[in-house]
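Here's the letter readout for the chains.
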Amino acid sequence: MLALAPDAASRKAGGKLAAPGPWSEAAAADGALWGLCKGSGSKPYQTVVDIEGPGYQCSCPSRKFPCKHALGLLLLWAADEGTVGAATREPPEWAGQWLAGRRARGRRPGGDGAERKQPADPVAARRRAERRAQRIAAGATELEQRLADLLRGGIASADQAGYARWDEMAARMVDAQAPGLAARIRELSAIPGTGAGWPARLLEECALLHLLNQGYLGLDRLPGPLAATVRSHVGLTTDAATLLDGEGIRDGWLVLGQRDTDEGRLAVRRIWLLGQRRGRLALLLSFGAAGRAPELTLPVGSVLDAELAYYPAARPLRATLGERHTPPVPGGVPAGVRVGEALAAYGAALCDDPWLDGWPTVLRGVTPIPDGEFWQIADQEGDAALPLVPGARTSRWRLAAISGGGPVTVFGECGHRGFTPHTVWSEGEAVPL
């Protein structure tokens, strides 16, 4: 239950509510929990949990998901002290409506609550796709000219123009319905003036953006998998329901890590999985409106028997979650690879997708080595090491504390800037960083 908490503060707050005092009308039935939790206001908070999902709903204003009230209700139920007893009647209307709607969506073909869209007019759909393709091509052509102007004016002067030029370029790509290009332009805007060597870094990113533009403008000449990769980076994706129409891959998926980021008006949750039988890596993305956490939550370190469908790509990684056959259960420690093997895997992935920022990997028998701002994570034998990505100061110190100077198993992303740790295993348990 505690593994579902979005952070340590939520775990602590949820633990305080795992007592009978604040709760009234708490009950359980048919894989669901509900109850009223006394808060600071005159009205209690209405909290309901779908255990099978898991899924949560609460009337509190918290932006965390699950909130402390949902965690408290789960912990109270798990304690099995009779406070959350078997329901003798139907759930109250506020809980029943939410449960009915959630489970109705889950029964539709498409897996984890994904709703099917009504079949669209194929002729109209094709025309819309053609119009969008033309707008993106026009945007990519304009962007090529702007990159040429930037190089003609000199990279070293880019820090004098401010953000206005970049913002206007990104807005033009949004108008062209190419959100992937807009996102990369915003990343460019953060490079000028950021320490020694920034012109070289800006030039590298401009080159990758130029490569992506040329890839899209020459899309019909690319092999199918590479063309799919270019489309995804530009911002064209396949509908999840369409993917789930095909044959999924069923496995016991170990939840390696989870990371939330704010990206403009969206909150994005990334969940990395590892198939225990096939050994395939997968990345699930879940989105929420700004200020609200995404709904999909899987406890890190657990194993989920489920089906996944991969998005088309030269190096498939992103997937969508289909039918879940069992709830998550505790998992073990993944086998992991050596540092040299991780670098080789990242290099092979770059051959298929040169726009990758990082590739997920599990390192075994590695030790964090603090050295000022330039930390490393080294093989137990000391014959290879990776720099830890600067910035994540808290996660680095937590990793060092859990390691205690000894070798550990760590999951993270291996990229051109180094290794970003997300999860470490301590005494057989996964600890998110």
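Before any of the text, the structure's been laid out above.
Procedures and definitions
Residues numbered from 1 in each chain as written. Predicted model: local features only at pLDDT ≥ 70, side-chain atom pairs only at ≥ 80, totals over all residues. Heavy atoms only, no water. Helix = DSSP H or I, 4+ residues; strand = E, 2+ residues; numbered from the N terminus. Buried < 20%, exposed > 50% of the residue type's maximum accessible area, 1.4 Å probe, protein only. Lys, Arg positive; Asp, Glu negative; His and termini not counted. Salt bridge = Lys/Arg side-chain N within 4 Å of Asp/Glu carboxyl O. Contact = heavy atoms within 4.5 Å. Axes fitted to C-alpha atoms, helices over the stretch in contact; angles between N-to-C directions. Parallel < 35°, antiparallel > 145°, perpendicular 65-115°, else oblique. Left-handed = near helix turned anticlockwise from the far one by under 90°. Nonpolar A, V, L, I, M, F, W, Y, C, P; charged D, E, K, R; others polar. Disulfide = S-S within 2.5 Å. Pairing = 2+ DSSP bridges. Core = buried A, V, L, I, M, F, W, Y, C linked by side-chain atoms within 4.5 Å. Expected span 1.5 Å × (residues − 1). Phe/Tyr/Trp six-rings, centres within 6.5 Å; stacked < 30°, edge-to-face > 60°. Lys NZ or Arg CZ within 6 Å of the ring centre and 35° of its normal.

Q: Can you walk me through the side chain of Arg184 in this structure?
A: Its location among the elements puts Arg184 in helix α6 (residues 179-189). There is no salt bridge for the buried Arg184, and the closest opposite charge comes from Glu205, which lies 4.5 Å off by N-O distance. When residues no more than four places from it in sequence are discounted, the contact partners of Arg184 are Glu205, Leu209, Leu212, His233 and Trp355.

Q: I'm lost on the packing of helix α7 (residues 198-217) against helix α8 (residues 224-234) in this one. Help?
A: The axes of two packed helices give the description: the angle between them and the distance between them. Contact geometry of α7 with α8 gives a least axis separation of 10 Å together with a crossing angle of 120 degrees. Taken together, α7 and α8 sit at an angle that is classed as oblique. Crossing handedness for the pair α7 and α8: left-handed. Residues Leu212, Gly215 and Tyr216 of α7 form the contact with α8, whose participating residues are Val230, His233 and Val234. Tallied by class, the residues present in the contact of α7 with α8 amount to 4 nonpolar, 2 polar and no charged.

Q: Honestly, the state of the cysteines in this entry has me stumped. Any pointers?
A: Note on terminology: disulfide describes a covalent bond linking the sulfur atoms of two cysteines. With the rule as written, the count across this model stands at 0 disulfides. For Cys351, which is in no disulfide, the shortest distance to another cysteine sulfur is to Cys414 and amounts to 14 Å. By relative accessible area, Cys351 is classed as exposed at 67%.

Q: Please clarify how the sheet that holds strand β4 (residues 55-58) should be interpreted in this entry.
A: Across a sheet, strands are paired by hydrogen bonds formed along the backbone, either parallel or antiparallel in direction. The strand order across the open sheet built from 5 strands is β4-β3-β2-β1-β5, with neighbouring strands paired in mixed fashion. Both outer strands of the open sheet, β4 and β5 (85-86), are each paired with one neighbouring strand and no more. In the sheet, strand β2 (residues 32-37) pairs with strand β3 (residues 45-50) via 6 bridges, with the strands oriented antiparallel. Bridged to Leu33 within β3 is Val49. Contacts from helix α2 (residues 68-78) reach β1 (23-29), β2, β3 and β4 within the one sheet, and its direction differs from that of β3 by about 60 degrees.

Q: Sorry, what's going on with the nonpolar core here?
A: Core analysis: the biggest nonpolar cluster contains 32 residues, and Leu256, Leu363, Ile377, Val410 and Phe419 have the highest contact counts within it. When residues of this core are traced back to their parent elements, those giving at least two are β6 (249-263), β7 (266-275), β8 (281-289), α10 (339-352), β12 (358-369), α11 (393-403), β15 (408-415) and β16 (418-426). Here Leu363 is in contact with Val337, Arg338, Val339, Ala342, Ile377, Leu386, Val408, Thr409, Val410 and Phe419, once residues within four sequence places are set aside. Counting 27 residues, the second largest nonpolar core, distinct from the first, contains Leu150, Met173, Ala182 and Leu209.

Q: Looking at this model, I keep getting lost on α6. Mind explaining?
A: Residues that lie three or four places apart on an α-helix share one face, since the helix turns once every 3.6 residues. Residues of α6 that are buried: Gly180, Leu181, Ala182, Arg184, Ile185, Leu188 and Ser189. Those residues of α6 hidden inside the fold are in contact with α4 (122-153), α5 (164-175), α7 and α8.

Q: What is the right way to look at the packing of α6 against α7 in this model?
A: Look at α6 against α7: their axes get within 10 Å of each other, and the N-to-C directions meet at 170 degrees. Put simply, α6 runs roughly antiparallel to α7. Counting all contacts with α6, which are made through Leu181, Arg184, Ile185 and Leu188, the residues of α7 involved are Leu202, Glu205, Cys206, Leu209, Leu212 and Asn213. In the contact of α6 with α7, the residues fall into 7 nonpolar, 1 polar and 2 charged.

Q: Hey, could you run me through the pattern of salt bridges in this one?
A: Oppositely charged side chains are able to pair whenever their charged atoms sit close together. Applying the stated criterion to the full structure yields 9 salt bridges. Among the salt bridges present, the one from Arg277 reaches Asp251, with a minimum N-O distance of 3.5 Å. Of this pair, Arg277 sits in the loop between β7 and β8 while Asp251 sits in strand β6, placing them 26 residues apart in sequence. In the salt-bridge network here, residues are joined through shared partners; they are Glu142, Arg146, Glu168 and Arg172.

Q: Even after reading the chapter, I still don't get α7, so can you show me in this structure?
A: If you check α7, its first and last C-alpha atoms are 28 Å apart, about what 20 residues at 1.5 Å a residue would give, namely 28 Å. Of all the positions in α7, only Trp198, Leu202, Cys206, Leu209, Leu212, Asn213, Gly215 and Tyr216 are classed as buried. Contacts from the buried residues of α7 go to α4, α5, α6 and α8.

Q: Honestly, the sheet that holds β16 in this entry has me stumped. Any pointers?
A: With antiparallel pairing, the 6 strands of this open sheet are ordered in space as β14-β13-β12-β15-β16-β17. The sheet is open, and its two borders are formed by β14 (385-387) and β17 (429-432), each paired with just one other strand. Across this sheet, the average inter-strand angle for adjacent strands is 40 degrees, counted without regard to direction. Across the face of the sheet, α10 comes into contact with β12, β13 (376-379), β14 and β15 while running at roughly 165 degrees to β12.

Q: I'm lost on the pairing of β1 in this one. Help?
A: Regular strands have side chains that alternate between both faces of the sheet. As paired elements, β1 and β2 share 5 bridges and run antiparallel to each other. Paired with Ala28 across the two strands is Leu33, which belongs to β2. What sits between the antiparallel neighbours β1 and β2 is a turn of 2 residues, in which Asp30 has the positive phi angle 50 degrees.

Q: Explain unusual backbone geometry here, please?
A: Glycine aside, negative phi is the norm for most residues, and most peptide bonds take the trans geometry. Look at Glu25: it is not a glycine, yet its phi comes out positive at around 55 degrees. Relative to the helices and strands, Glu25 resides in strand β1. The backbone of Asp30 shows a phi angle near 50 degrees, a positive value even though the residue is not glycine. Looking at where Asp30 falls in the secondary structure, it is placed in the loop between β1 and β2.

Q: How should I be thinking about the packing of aromatic side chains in this particular structure?
A: One pair of aromatic rings is described through two measures. These are the centre distance and the angle between the planes. Applying the stated rule across the entire model yields 2 aromatic pairs. Ring plane angle 85 degrees and centroid distance 4.8 Å describe the contact between Trp375 and Trp397, whose orientation is recorded as edge-to-face. Within this pair, whereas Trp375 is found in the loop between β12 and β13, its partner Trp397 is found in helix α11, the two being separated by 22 residues in sequence. When the ring centre of Trp359 is taken as origin, the NZ or CZ atom of Arg315, which lies over that ring, is 5.8 Å away. The cationic tip of Arg318 hangs over the ring face of Tyr311; the distance from NZ or CZ to the ring centre is 4.3 Å.

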